[in-house]
Amino acid sequence: MDDEERPLSLVLFSGTDDKLSAAAVLAVGAAAMQRPVNVFLQYYALDAFRRDRIHADHALSPEATAAQAPAVHGQHAEHWSELLKQAKEVGEVGIHACALSMDMFKLTKADLDPLVDDIEGVAAFMADATGPMVFI
Amino acid sequence: MDDEERPLSLVLFSGTDDKLSAAAVLAVGAAAMQRPVNVFLQYYALDAFRRDRIHADHALSPEATAAQAPAVHGQHAEHWSELLKQAKEVGEVGIHACALSMDMFKLTKADLDPLVDDIEGVAAFMADATGPMVFI
Amino acid sequence: MDDEERPLSLVLFSGTDDKLSAAAVLAVGAAAMQRPVNVFLQYYALDAFRRDRIHADHALSPEATAAQAPAVHGQHAEHWSELLKQAKEVGEVGIHACALSMDMFKLTKADLDPLVDDIEGVAAFMADATGPMVFI
């Protein structure tokens with residue numbers, strides 16, 4: 001397999017709006033380069049994809065200072081969920097909920113935003129992760 | 001070298017129980033897929049592998065909300081150190097302490113849990129990192 | 001392309017001194033192994049590379065405890081910007097500011113430390129990311 005055909009695997013752990021936006025930008029960039037993208041939602045990131053609160057305020061990373069926060073909030077003209085939707089339209093982007101984290105928060109597929117394609121175990125995710133893997 | 005034979009390199013920086021659990025789950029998943037795993041312990045992650053406190057409460061990521069924390073605490077039926085032990089039994093998993101971080105905390109090998117195989121410099125770790133590299 | 005020739009791509013998001021130091025150590029290690037390195041500065045990491053405050057105190061990760069902080073502060077004999085300079089002298093290391101984050105903080109190239117080579121869009125960064133990609 002050529003380098004360019006290898007998928008970009010994004011393991012999303014954090015559920016803050018700045019990290020989810022950074023992840024969505026990477027997904028859009030990879031999709032624009034015709035690179036397949038696999039997103040794996042764990043922990044707080046999975047919690048942020050709940051259908052009833054995906055557009056809620058998910059705060060910023062705790063390191064954000066009072067001086068930085070307004071700039072970061074101001075920049076997000078497009079919500080990260082909108083960017084992920086665009087990435088899906090442009091390229092081959094799969095969004096998978098981690099089965100262990102689904103159990104952790106006692107969630108079912110119906111609790112999640114339709115952006116999420118399916119529920120997957122970590123071994124299945126790993127089997128597809130033949131390219132770079134990023135933990136955010 | 002085929003994609004599948006390339007090791008997964010996990011650089012562990014954070015020492016919170018949720019991130020260490022997420023890392024251990026990735027290690028177990030990779031080991032189950034017969035993929036070699038190299039773990040490199042730095043900073044707060046190394047501090048969490050001290051022999052006398054590996055089972056202590058290492059808190060959660062600062063972003064965890066009061067609503068999320070009970071679910072995350074409740075999920076960890078198996079401690080991350082136990083998962084890493086299982087990963088070592090199933091596959092080829094090396095756990096290396098970063099030499100610079102050992103100096104930082106003034107630690108010797110005897111201070112660390114026996115899960116840690118050896119002390120390694122960053123250049124040696126990099127030389128083995130021919131596959132995906134994940135920073136947690 | 002052989003594994004060893006593929007660049008290490010470092011996406012720097014966090015702007016705390018401990019994470020920037022960890023990133024700089026990875027860059028030095030990769031450069032020492034003759035591996036090309038591409039650094040992409042986003043969010044708080046980009047803010048830390050401002051010319052007028054690169055040597056300021058950028059704090060530690062919020063997870064650092066009062067017991068750990070003195071050790072971490074004490075270890076940084078060499079500033080991370082100095083380590084990155086050394087990495088550039090030893091190997092092929094490019095440091096790129098994310099165009100979106102430049103807009104976010106209303107920065108121009110002249111606001112940044114000369115360590116930063118240029119401003120780049122995420123698609124261009126992705127096109128060069130044929131090896132491991134690390135998000136810090």
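Things to note about the interface of chain C and chain B
Moving on, step 1. Each side of the interface is counted separately: chain C has 29 residues, and chain B has 24 residues.
Moving on, step 2. The contact between chain C and chain B buries some 2,300 Å² in all, and 66% of this surface belongs to carbon and sulfur atoms.
Moving on, step 3. Our count for the chain C to chain B interface comes out at 0 salt bridges.
Moving on, step 4. Applying the counting criterion to the chain C and chain B interface returns 5 residue pairs in polar contact (both at pLDDT 80 or more).
Moving on, step 5. Residue assignment for the side of chain C that touches chain B shows that the elements contributing at least two residues are α1 (17–32), α3 (69–75) and β5 (133–135) of chain C.

Describing α1 of chain C
Residues and elements named next belong to chain C.
Moving on, step 1. Here α1 spans 22 Å end to end across 16 residues, near enough to the 22 Å set by a 1.5 Å rise per residue.
Moving on, step 2. With 14 of its 16 residues buried, α1 lies for the most part within the structure.
Moving on, step 3. Remark: Gln 34 follows α1 within two positions and exhibits a positive phi of approximately 65°.

Things to note about the relation of the copies chain B and chain A
Moving on, step 1. Once chain B is rotated about the relating axis by 120° and shifted along it by 0.0 Å, it coincides with chain A to within an RMSD of 0.0 Å. Interpreted geometrically, this transformation is the action of a three-fold axis. Identified as the residue of chain B closest to the rotation axis by C-alpha distance is Pro 132 of chain B, at 2.8 Å.
Moving on, step 2. Each copy contacts the other with its own distinct surface, as only 17% of the interface residues of chain B are interface residues in chain A too.

Quick look at the sheet that holds strand β1 (residues 8–12) of chain B
Residue and element names in this part refer to chain B.
Moving on, step 1. On the basis of which strands lie adjacent, the open sheet formed by 5 strands has the order β4-β3-β2-β1-β5 and parallel pairing. A single partner strand is all that each edge strand has here, and the edge strands are β4 (118–120) and β5 (133–135). When strand polarity is set aside, the average angle formed by the axes of neighbouring strands in this sheet is 30°.
Moving on, step 2. Note: strand β3 (residues 93–98) against β4, 3 bridges, orientation parallel. Paired with Ala 97 across the bridge in β4 is Ile 119.

Brief notes about the pattern of salt bridges
Moving on, step 1. By the definition in use, this model includes 12 salt bridges over all chains.
Moving on, step 2. Of the charged contacts, one joins Asp 117 of chain C and Lys 88 of chain C as a salt bridge, the two residues approaching to 2.9 Å between their closest N and O atoms. Residue Asp 117 of chain C is found in the loop between α5 (99–104) and β4 (118–120), and its partner Lys 88 of chain C is found in helix α4 (residues 80–90); the two are separated by 29 residues along the sequence.
Moving on, step 3. Judged by its relative accessible area of 22%, Lys 88 of chain C is partly exposed.
Moving on, step 4. Salt bridges linked by common partners bring Asp 47, Arg 50, Asp 52 and Arg 53 of chain A together as one network.

A word on the pairing of strand β2 (residues 37–41) of chain B
Residue and element names in this part refer to chain B.
Moving on, step 1. Across the 5 residues of β2, 5 count as buried, placing the element largely inside the fold.
Moving on, step 2. Where β1 meets β2, 5 bridges bridge the pair, whose relative direction is parallel. Note that in β2 the partner of Ser 9 across the bridge is Asn 38.
Moving on, step 3. For the crossover that starts at β1, traverses helix α1 (residues 17–32) and ends in the parallel β2, the hand is right-handed.
Moving on, step 4. As judged from the 5 bridges shared by β2 and β3, these two strands associate in the parallel manner.

Conventions adopted
Every chain is numbered independently, its residues counted from 1 as its sequence is written. To label them, take the chains in the order written and letter them from A, then take the ligands in the order written and number them from 1. Note on the predicted model: pLDDT of at least 70 is required for a residue's local features to be given, and 80 or more for side-chain atom pairs to be given and counted; whole-chain, interface and lining totals, by contrast, use all residues. Excluding hydrogens and water, the side-chain values take into account all heavy atoms of the structure. Every residue pair with non-hydrogen atoms within 4.5 Å of one another is taken to be in contact. By convention, the term buried area covers the 1.4 Å-probe accessible surface removed from two parts as they join, with the contributions of both added. Salt bridge, as used here: a side-chain nitrogen of Lys or Arg that lies within 4 Å of a carboxyl oxygen of Asp or Glu. Nitrogen and oxygen atoms within 3.5 Å of one another constitute a polar contact, given that in protein one can donate a hydrogen and the other can accept it, and given that sequence-neighbouring residues count only through two side-chain atoms. Starting at the N terminus, helices and strands are each numbered in turn, a helix being any DSSP run of H or I of at least four residues and a strand any DSSP run of E of at least two. In this analysis, the expected span of each helix is defined as 1.5 Å times one less than the number of residues it contains. When accessible area is computed with a 1.4 Å probe and restricted to protein chains, residues below 20% of their type maximum are described as buried, those above 50% as exposed, and intermediate ones as partly exposed. Least-squares superposition of the copies uses the C-alpha atoms of those residues scoring a pLDDT of at least 70 in each of them. Strand pairing is assigned whenever DSSP detects at least two bridges linking the two strands. Convention adopted: a line fitted to C-alpha atoms gives each axis, helices being fitted over their contacting stretch, and angles between N-to-C directions are expressed from 0 to 180 degrees. By definition, the crossover connecting two strands over a helix is right-handed if that path, from the first strand to the second, turns clockwise as seen with the strands pointing away from the viewer.

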